[in-house]
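Structural description and commentary
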Amino acid sequence: MLLMATFFVLSSATAQIDVKSKIGTALKDYFASGRENIHLHLNKDLFMTNENIWLKGYVIEKKSALPHSATANVHVNLLDSEGKIIRSHLLYSENSLFEGYIILDNSLPSGRYYVQSFTNFMNNFTEDESAVYPIKIVNVNDEKYADYNSINWRDLQISLRPETGTFLEGVTNTIGIKITDCNGHGIEVSGGKVEDPNGLQVSNFATNSQGYGRFDIIDAKNGKYKVSFEKNGIVFTEELPHPTLTGITFNVNNYGLADKTLISIRTNDRTLSSIPGQPYIFAINQNDVVSFAEFELDPANKEQTIAIPAQYISHGVNTVRLFDSKMNQLGERLIFKPFSTPTGAAVKIQRQRTDSIVFRGNSPLRLASLSISVLPENTVSKSDNTIYDSFYFKSYADSGVKNTQYYFENLNRKKHYELDNVFLHLKSKYPWNAIMAGPPQIKSQFDSGITIKGTINSPVADRDKVTIQMSSPLLGLHETTTLNSKNEFIFENVMAVDSSTIYFSLIDAKQRYAKLNMYTRLISPPGRFLKTFKPNAVTCADSELITLNADWPPLQDAINLDDVNVDAIDKSKEMDLKYMRMHNNNMARGYKITDLEADSFRDILSWLASHGYNVSQEGGNVVLVRNYSGSFSGSNSPAVFIDDALVPEVSFLLNMNLRDIDEIYINRRGFGAGSIGANGIIRIYTKKGYGSTKSAIKVNSQSLVVENGYQQYKPYVNPPYSNVQHPSFSKFGTIGWISNVATDENGMFHFSIPNLYQDKVILVIEGINGDGEVYSDRLAVDIPNR
């Protein structure tokens with residue numbers, strides 16, 4: 001019997017009827033707080049211990065599915081096979097995007113690992129909203145390695161799940177079947193059998209290449225049903241549990257008709273006789289958007305069908321829940337309503353040189369940010385962790401979907417049916433008992449930067465007129481604050497890079513830099529995720545996998561230094577430079593200031609302007625910059641030292657006479673200076689007696705080295721392969737990782753890779769635009785080298 005259901009659509013989750021109103025209110029309150037979804041694009045999923053993991057992160061807000069610009073602090077952990085933290089990093093997300101790396105070394109044993117990403121705000125929720133991606137790491141000192149892509153036929157796992165979770169006696173039951181090996185590889189089966197409790201075959205089944213299928217058991221008997229199939233000469237079997245004697249189950253079909261979803265309600269005679277005339281409600285929701293359909297059981301029919309118009313169901317993943325009149329959930333089912341997704345990127349070679357290849361691409365995403373991993377043709381990296389899975393499926397389900405590109409490319413009725421077979425095994429990420437327990441209590445806020453607190457340890461005159469100045473040439477910081485009644489100060493939301501140096505100065509009531517005696521401490525953002533990640537148990541050890549003799553891509557014995565430019569030093573003057581051996585000045589270009597030079601420039605700033613720096617002045621503020629930046633914050637200002645004391649403000653140099661200067665050292669690359677030298681170092685040494693003159697500058701500042709700050713920027717560098725034609729390189733090597741590729745208003749983009757003379761390369765492309773449209777693809781591109 002087909003019925004058209006009565007609907008109440010709750011865009012704001014309210015309704016007239018009490019039960020529906022309570023359900024709607026519970027959903028509205030539970031999803032009131034915006035939740036972040038994170039996707040990590042890793043450059044591959046199998047790594048050698050002599051290389052690094054490279055990643056780019058994308059962040060959206062769950063309900064709007066738009067980029068989430070409020071996210072700033074993102075934590076990334078490397079976990080071992082038991083979920084223990086091995087590495088931990090804080091990354092900075094800007095406009096919903098972040099990038100970073102995890103350094104590996106030979107102390108890590110070969111095996112299964114996980115990369116986890118989360119924010120502090122995710123700690124507010126009962127559910128685990130973190131993003132977790134399985135990877136494999138192979139230690140290059142091993143003589144053998146486990147072939148994780150091989151099928152372990154000795155331990156096939158058969159999962160049987162009745163639709164809605166209820167296997168009911170006396171009705172037709174739809175059963176989902178999933179067959180995998182212990183590593184999660186899907187097993188394709190044909191000719192599977194279903195036998196009733198008497199051993200009679202009552203149905204058959206098949207699974208696709210991902211291992212998913214379904215079958216129906218008509219008029220289920222009270223007893224154990226068994227499934228069996230043969231693979232590679234081995235017969236595998238699995239039993240279903242006994243059917244329940246009373247209850248209600250249902251079947252959902254939203255792939256057969258484009259304009260409606262059909263729900264078939266099924267019950268048996270025992271149930272009909274025990275609960276006559278009781279109303280039931282279907283609630284179909286995505287976050288706090290919910291539709292209702294109510295019905296009563298027909299005593300004359302054990303099965304009845306209701307039709308739900310398509311407009312009452314949200315695009316993407318929806319949860320279909322069945323409730324009785326007391327708000328008890330009787331069954332649950334996830335469904336997916338298709339929507340159009342961008343497809344069809346094209347990439348061609350634009351220019352090919354002996355050392356590089358420039359590609360020109362056309363993406364379906366306009367004004368988007370992409371990340372591209374470039375791998376050899378025969379790479380063993382087969383990651384299924386796509387941005388589609390992270391944002392469309394894992395966002396609402398308790399597990400993900402593999403091979404998402406297959407389903408989204410020309411999604412038709414057949415593919416929708418196959419995807420629905422996957423959904424028979426998925427459960428909602430948000431169980432009803434958690435929703436009924438009440439909305440989450442928001443105690444953890446969105447973190448941005450780190451907090452620095454300090455205390456002045458000596459009496460301060462005219463405290464209300466004193467300011468504390470915080471500066472860092474590397475980070476482009478220049479902020480001031482005041483003292484409280486306890487001589488304390490605080491700087492919040494400081495964008496501080498790990499191992500960078502921040503300087504503090506005290507400016508007195510007369511705007512002079514005064515002597516500073518203080519204690520400072522960093523308050524790092526919470527880096528602990530409150531929900532411990534517990535990996536799924538792996539029933540087969542690596543030793544049970546096919547093991548192959550180790551044959552790793554050969555590396556050069558020597559380490560290549562990239563981008564090392566050494567300024568030529570005038571040897572005729574080197575003997576006159578007395579500070580050459582101090583503070584890595586031997587890595588810099590040194591200048592002895594002669595009387596002729598002092599007469600040629602009015603001050604030190606004009607001299608610096610003639611030596612490759614841009615100098616500008618607005619009032620008493622001076623800006624000194626170089627022509628490019630390699631720092632985290634984009635600052636171009638070099639660190640300036642006078643007599644080996646850092647100058648907190650370039651304005652110190654204003655009107656400083658060149659006749660008072662003995663030597664100047666310009667270290668443009670900051671070699672040997674650590675993070676503070678990211679934008680170069682200028683060291684100025686004054687002549688003897690300068691400190692006794694009225695114009696002398698005395699620098700009073702204290703420094704603080706940042707711990708557990710944002711990860712320092714590091715450009716991608718390939719391992720120094722000695723032979724890229726070696727067979728092992730095509731399996732384990734990497735060719736390129738381009739983390740930040742922008743598309744224009746037409747979707748066009750460009751990128752380049754080193755020319756390693758491969759016949760074909762694999763491009764793994766992912767990205768997002770400002771409208772929240774995402775894209776993922778894996779392309780093979782021929783390289784005409786021969």
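Our subject is the structure that appears above.
Residues numbered from 1 in each chain as written. Predicted model: local features only at pLDDT ≥ 70, side-chain atom pairs only at ≥ 80, totals over all residues. Heavy atoms only, no water.

**Side note on the overall build of the protein**
A tally of regular secondary structure across the protein gives 10 helices and 49 strands. The proportion of buried residues among the 786 residues of the protein is 53%. A sequence separation of at least 24 residues applies to 71% of the contacts in the protein between residues at least 6 apart. Approximately 35200 Å² of the protein is accessible, and the part contributed by carbon and sulfur atoms is 47%. (Helix = DSSP H or I, 4+ residues; strand = E, 2+ residues; numbered from the N terminus. Buried < 20%, exposed > 50% of the residue type's maximum accessible area, 1.4 Å probe, protein only. Contact = heavy atoms within 4.5 Å. Areas by Shrake-Rupley, 256 points an atom, 1.4 Å probe, with all protein chains shown as cover.)

**Brief notes about the pairing of strand β27 (residues 346-352)**
Relative to strand β28 (residues 356-362), β27 is paired through six bridges, and the arrangement is antiparallel. Bridge pairing links Ile-349 to Phe-359 in β28. The antiparallel pairing of β27 with β28 creates a hairpin that spans three residues between the two strands. (Pairing = 2+ DSSP bridges.)

**Here we look at the sheet that holds strand β16 (residues 201-207)**
Ordered by their spatial adjacency, four strands build an open sheet running β16-β15-β18-β19, and the pairing between neighbours is antiparallel. Of all strands in the sheet, those with a lone pairing partner are β16 and β19 (234-239), marking the two edges. Looking at each pair of strands side by side, their axes are set apart by 25° on average, direction ignored. (Axes fitted to C-alpha atoms, helices over the stretch in contact; angles between N-to-C directions.)

**Details of the nonpolar core**
The biggest cluster of nonpolar side chains holds 64 residues, and the ones touching the most others in it are Phe-751 and Leu-763. Excluding residues within four positions of it along the chain, Leu-763 makes contact with Val-347, Ile-372, Ser-373, Val-374, Phe-751, Asp-777, Arg-778, Leu-779 and Val-781. Judged by nonpolar contacts, the second largest core, of 24 residues, contains Leu-40, Leu-108, Met-122 and Ile-137. (Core = buried A, V, L, I, M, F, W, Y, C linked by side-chain atoms within 4.5 Å.)

**Side note on helix α5 (residues 413-423)**
Of all the 11 residues making up α5, eight are buried; the element is thus mostly covered by neighbouring parts of the structure. Regarding α5, the residues found buried are Lys-415, His-416, Glu-418, Leu-419, Asp-420, Asn-421, Val-422 and Phe-423. Taking the backbone nitrogen of Lys-414 as reference, a side-chain oxygen 3.2 Å away marks Asn-412 as the first, capping residue of α5. (Polar contact = N/O pair within 3.5 Å; in protein donor to acceptor, adjacent residues only side chain to side chain.)

**Comments concerning the sheet that holds strand β33 (residues 488-494)**
Here we have three strands laid out as an open sheet, ordered β33-β30-β36, and antiparallel in their pairing. Edge strands, defined here as strands with exactly one partner in the open sheet, are β33 and β36 (518-523). Between one strand and the next, the sheet's axes are offset by a mean angle of 15°, whatever the strand orientation. Examined bridge by bridge, strand β30 (residues 450-456) and β36 share six bridges and lie antiparallel to one another. Following the sheet pairing, Ile-456 is matched in β36 by Met-518.

**Considerations on the pattern of salt bridges**
Per the counting criterion, the structure on display carries 28 salt bridges. A salt bridge links Glu-163 to Arg-333; its shortest N-O distance comes to 2.6 Å. Remark: Arg-333 occurs in strand β26 (residues 329-337) and Glu-163 occurs in the loop between β13 (156-162) and β14 (173-181); sequence separation between them is 170 residues. Comparing Glu-163 with Arg-333 shows no difference in burial state: the two are buried. Two residues, Lys-592 and Glu-663, come together in a salt bridge whose shortest N-O distance is 2.7 Å. Note that Lys-592 is positioned in strand β38 (residues 589-592) and Glu-663 in strand β43 (residues 661-667), a separation of 71 residues in sequence. The exposure classification of Lys-592 matches that of Glu-663, with both residues buried. (Salt bridge = Lys/Arg side-chain N within 4 Å of Asp/Glu carboxyl O.)

**Remarks on empty space enclosed by the protein**
Over the atoms, a rolling probe the size of a water molecule traces out where space has been left empty. Under the definition given, this model contains three cavities of 30 Å³ or more. Each pocket or cavity is described by its volume, and for the largest cavity that value is around 80 Å³. What lines the largest cavity is simply Phe-31, Asn-285, Gln-286, Asn-287, Val-317, Asn-318, Thr-319, Arg-321, Tyr-396, Ser-428, Tyr-430 and Ile-435. Considering each element in turn, the lining of the largest cavity owes the most residues, four residues, to strand β25 (residues 316-323). (1 Å grid on protein atoms, 1.4 Å probe; cavity = no way out; pocket = protein on both sides within 12 Å on 5 of 7 lines; lining within 4 Å. Points joined across faces, edges and corners; volume = space filled by probe spheres on them.)

**A word on helix α1 (residues 18-30)**
Helix length check: α1 (13 residues) gives 18 Å between terminal C-alpha atoms against 18 Å at 1.5 Å per residue, within 8%. Within α1, the full set of buried residues consists of Val-19, Lys-20, Ile-23, Gly-24, Ala-26, Leu-27 and Tyr-30. Angular distribution of buried residues about the axis of α1 spans 160°; they occupy a single face of the element. (Expected span 1.5 Å × (residues − 1). Arc of directions from axis to C-beta.)

**Thoughts on the packing of aromatic side chains**
Using the criterion set out here, one finds 38 aromatic pairs in the structure. Between Phe-31 and Tyr-430, the ring centres sit 5.1 Å apart and the planes meet at 85°, which makes this aromatic pair edge-to-face. Pair noted here: Phe-31 is in the loop between α1 and β3 (36-42) and Tyr-430 is in the loop between α5 and α6 (432-436), with a separation of 399 residues, a long-range link. As far as the burial class goes, Phe-31 and Tyr-430 line up, both buried. Seen from their ring centres, Phe-229 and Phe-236 are 5.4 Å apart, and the 20° between their planes marks the pair as stacked. (Phe/Tyr/Trp six-rings, centres within 6.5 Å; stacked < 30°, edge-to-face > 60°.)

**Section: the environment of Glu-597**
By the secondary structure assignment, Glu-597 is in helix α8 (residues 595-600). Residue class for Glu-597 comes out buried when judged on its relative accessible area of 18%. Remark: the alpha-carbon pair of Glu-597 and Arg-659, spanning 62 residues in sequence, is separated by 8.7 Å. Non-local contacts of Glu-597, meaning those with residues more than four positions away in its chain, are made with Lys-592, Trp-607 and Leu-658.

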